Amino acid sequence: MSTNSFKGFPRPDGSIGIRNHVLILPTSVCATKVAQDIARQVMGAISLNNSFGCCQLGADARLTEKTLINAAGNPNIGAVVVVGLGCEGAEPLRIAESIKAFGKPVSCVVIQEEGGTLACQAKGTSIARTYAQELSQQVPVETPISRLVLAMECGGSDTTSGLAANPACGAASDMLISLGGTSILSETTEFIGAEHVLARRAVTPEVGKQLIDLVRSCESRAKSLGEDIRGGQPTPGNIAGGLTTIEEKSLGCIHKAGESPLHGVLAYADRPTQPGLWVMDSPGQDIESMSGMVAGGAQVIIFTTGRGSPTGNAISPVIKITANPQTAQKMRDHMDIDASPIMRGEASIQAIGAEIFDEIVRVANGKQTKAETLGHDEFSIYKIAPTF
Amino acid sequence: MQKNAVVIHQKDTVATALVPLKSQEQAAMFVGDAEKSVTLLNDIPFGHKFAIRDIPLHGEVYKYGESIGRATKPIHAGEHVHVHNVESERGRGDWK
């Protein structure tokens, strides 16, 4: 198997997917059940969890809409059926129009227009079936590995994450970037204490400053709530696993970024504009973080865990990596890569990094990850203000 | 020497246990190419840290060559280093 290519699904906007889903997209929480019911009835269709989409203000409303639209634009999605209630803030027809800009087939069904959920479900299912059948005839084409956008995540970290799993992840990321690919690192909270180390690698002083400013404003937000980040970060599991402070956790987390220079800082759900390493603003909460990077166009996710996280993502497959030997054994139904040989001195970080890179290529070529096979389709949108 | 703990950077003042370690046991590690041995004063669970040098009250604690917080009590070499004797200096709602 060539390590420099994968069989991908080209999209009208030039992006290339590693999966070929029909996305049933609820624009609000009120449309979620219908979207789920449609997806259940059509092989090849997936739906997203959307708990929002109404009674949101300003930047928060715009962020939810941007995330929904850009998630639909992810290259792993071949066609979209938008489902709306009809009266929500995230107006379904407007959302569907925005998604059309990606060039892929889009339809919209509205519960209040159709006269209830049952009729809406029937119409949506019929449309989704047409899309799924069309997509089933699409033949994947040989694509250079440089077309991959890799999302990098850590969750349930312990000290094995910073010592072994994250550096191995960084080695794999560096390999992809050296071949012309793109990697995204997120979880702004988990740069606190390490931002100066990452900022030193920025390609320009402006990018370095953007990163420092991003982290400072995250810290101020926590303080302005009258709260101490120590209340939530590190988590009880992190602490039981040996991580003492957010600084220690962050210094371990940034190892996922390897050695590559930092090209830029993205807002949540925005797309990288060129290859290389990028940082995306997101919370440390794994599902919201991954959902943002998938909206940013990531076709595949590598996720390091110490304590053992089973989560996946609705749109992009998640490869799980642990360097904790107990977790590798106990949660073997969820762990794709065992990096614990690094902890025992039996394998180098580079060697496990190469194993991770090979797995990324296999997954890009169709191999299901354990989270994928077990049906983990977590998805959640980052919220920046309360609902009103 | 079979190492049972790891020191990441020359500047570090803590090591991380690679196996569960017991009080009075000898922790063995490399600092760069040099072998180092520390007598433990506490049990150290797998993945937890212990001091490899004395750290004064409010002294910075170094791991990865960077500060991970400061000591809230004087810490002796061989002691368990964790939330009971180290505090974060970031995101502090209690500081101005």
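Here the structure is shown first, and the text comes after it.
Conventions we followed
Residues numbered from 1 in each chain as written. Chains lettered and ligands numbered in written order. Predicted model: local features only at pLDDT ≥ 70, side-chain atom pairs only at ≥ 80, totals over all residues. Heavy atoms only, no water. Helix = DSSP H or I, 4+ residues; strand = E, 2+ residues; numbered from the N terminus. Rg over C-alpha atoms; globule rule 2.2 N^0.38 Å. Pairing = 2+ DSSP bridges. Contact = heavy atoms within 4.5 Å. Axes fitted to C-alpha atoms, helices over the stretch in contact; angles between N-to-C directions. Parallel < 35°, antiparallel > 145°, perpendicular 65-115°, else oblique. Left-handed = near helix turned anticlockwise from the far one by under 90°. Nonpolar A, V, L, I, M, F, W, Y, C, P; charged D, E, K, R; others polar. Buried < 20%, exposed > 50% of the residue type's maximum accessible area, 1.4 Å probe, protein only. Polar contact = N/O pair within 3.5 Å; in protein donor to acceptor, adjacent residues only side chain to side chain. Core = buried A, V, L, I, M, F, W, Y, C linked by side-chain atoms within 4.5 Å. Phe/Tyr/Trp six-rings, centres within 6.5 Å; stacked < 30°, edge-to-face > 60°. Lys NZ or Arg CZ within 6 Å of the ring centre and 35° of its normal. Expected span 1.5 Å × (residues − 1). Buried area = accessible area lost by both parts, 1.4 Å probe. Salt bridge = Lys/Arg side-chain N within 4 Å of Asp/Glu carboxyl O.

**Q** Would you mind going over the overall build of chain B with me for this structure?
**A** Tallying secondary structure elements over chain B gives zero helices and nine strands in all. Written out in order from the N terminus, the α and β elements of chain B read β-β-β-β-β-β-β-β-β. Relative to the 2.2 N^0.38 estimate, which gives 12 Å for 96 residues, the radius of gyration of chain B is 13 Å and therefore close to what a compact globule would have. Expressed along its principal axes, the backbone C-alpha trace of chain B runs to roughly 50 × 25 × 20 Å.

**Q** Honestly, the sheet that holds strand β6 (residues 60–63) of chain B in this entry has me stumped. Any pointers?
**A** Hydrogen bonds along the backbone pair up the strands of a sheet, which may run parallel or antiparallel. Spatial ordering of the open sheet is given by β6-β7-β9 (chain B), a layout of three strands whose pairing is antiparallel. Strands with a single pairing partner mark the edges of an open sheet, and in this sheet they are β6 and β9 (86–87) of chain B. Pairing analysis gives three bridges linking β6(B) to strand β7 (residues 66–71) of chain B, with the strands arranged antiparallel. Each bridged residue has a counterpart across the sheet, and for B:K63 the counterpart in β7(B) is B:E66. Each of β6 and β7 of chain B touches helix α10 (residues 246–253) of chain A; the most contacted strand, β7(B), lies at about 165° to it.

**Q** Even after reading the chapter, I still don't get the packing of helix α6 (residues 159–178) of chain A against helix α14 (residues 349–364) of chain A, so can you show me in this structure?
**A** All names here are of chain A. One way to put it is that α6 packs onto α14 with a least axis distance of 7 Å and a crossing angle of 60°. Overall, the two elements α6 and α14 adopt an arrangement that is oblique. For α6 against α14, the interelement crossing comes out right-handed. Each of L163, P167, A168, C169, A171, A172, M175 and L176 in α6 lies in contact with α14, whose residues at this interface are I349, Q350, I352, G353, A354, I356 and F357. Of the residues contributing to the contact of α6 with α14, the split by class is 13 nonpolar, two polar and no charged.

**Q** Hey, could you run me through the packing of helix α2 (residues 58–72) of chain A against helix α3 (residues 92–100) of chain A in this one?
**A** Pairs of packed helices are described in terms of their axes, by the angle between the two and the distance that separates them. All names here are of chain A. The geometry of α2 relative to α3 is characterised by a closest axis approach of 9 Å and an angle of 45° between their N-to-C directions. Between α2 and α3, the angle falls in the class oblique. Helix-helix and strand crossings are classified by hand; for α2 and α3 the assignment is right-handed. Only R94, I95, S98 and I99 of α3 make contact with α2, whose side of the interface consists of E65, I69 and A72.

**Q** Got a minute to help me understand the sheet that holds strand β1 (residues 5–10) of chain A in this structure?
**A** All names here are of chain A. Within the open sheet, the three strands sit side by side as β2-β1-β7. Their pairing is antiparallel. At either end of the open sheet lies a strand with only one pairing partner, and these are β2 (16–17) and β7 (141–144). Here β1 pairs with β7 via four bridges, running antiparallel. Paired with S5 across the strands is P144, a residue of β7.

**Q** When you look at the side chain of A:E190 in this model, what are you seeing that I'm missing?
**A** Residues and elements named next belong to chain A. Locating E190 in the fold gives a position in the loop between β9 (182–185) and α7 (195–199). According to the relative accessible area criterion, E190 is buried, its value standing at 3%. Here K249 takes part through its side chain, which lies 3.4 Å from a polar atom of the side chain of E190. For E190, the residues in contact, after removing those within four places along its chain, are C154, Q233, I246, K249, S250, C253 and G284.

**Q** Help me understand unusual backbone geometry, please; the structure alone is not making it clear to me.
**A** Outside of glycine, negative phi angles account for most residues, and trans bonds account for most peptide bonds. Residues and elements named next belong to chain B. Within the chain, H58 stands out as a residue other than glycine whose phi angle is a positive 65°. One non-glycine residue with positive phi stands out, namely Y64, at about 65°. One can find Y64 in the loop between β6 and β7.

**Q** How do you make sense of the nonpolar core when you look at a structure like this?
**A** Nonpolar side chains in soluble globular proteins tend to be buried together. Residues and elements named next belong to chain A. Ranked by size, the top nonpolar core spans 68 residues in total, and within it L148, L198, L211, I302 and I356 carry the most contacts. The element that contributes the greatest number of residues to this core is α6, accounting for eight residues. Once you skip the residues sitting within four places of it in the chain, L211 turns out to touch F191, E195, L198, A199, L262, V265 and V279.

**Q** Looking at this structure, how should I read the packing of aromatic side chains?
**A** Two numbers describe a pair of aromatic rings. These are the distance of the centres and the angle of the planes. Residue and element names in this part refer to chain A. The final tally for this structure, using the stated rule, is one aromatic pair over all chains. Between the NZ or CZ atom of K104 and the centre of the ring of F102, over which it lies, the distance is 5.9 Å. Lying over the aromatic face of F303, K320 brings its terminal NZ or CZ to 4.6 Å of the ring centre.

**Q** What is the right way to look at the pairing of β1(A) in this model?
**A** Along any regular strand, the residues point their side chains to alternate faces of the sheet. The pairing of β1(A) with β2(A) spans two bridges and is classified as antiparallel. Pairing of A:P10 across the sheet is with A:I16, part of β2(A).

**Q** Where do I start with helix α5 (residues 117–136) of chain A in this structure?
**A** One turn of the α-helix equals 3.6 residues, which is why residues spaced by three or four share an orientation. Here α5(A) is 20 residues long and its end C-alpha atoms lie 27 Å apart, about the 28 Å a rise of 1.5 Å per residue gives. Buried residues in α5(A) make contact with β3 (21–26), α1 (32–41), β5 (77–84), β6 (106–110) and α4 (111–114) of chain A.

**Q** Would you mind going over the interface of chain A and chain B with me for this structure?
**A** How big an interface is tends to be stated in terms of accessible area lost as the parts join. Counting residues at the interface gives 34 residues for chain A, matched by 26 residues for chain B. Around 2300 Å² of area is buried between chain A and chain B when both sides are counted, 56% of it from carbon and sulfur atoms. Counting every contact that joins chain A to chain B gives five salt bridges. For the salt bridge of A:R200 with B:E66, the shortest nitrogen-to-oxygen distance reads 3.4 Å. The interface formed by chain A and chain B includes 16 residue pairs in polar contact (both at pLDDT 80 or more). Residue contributions to the side of chain A that touches chain B peak at five residues, all from α10(A).

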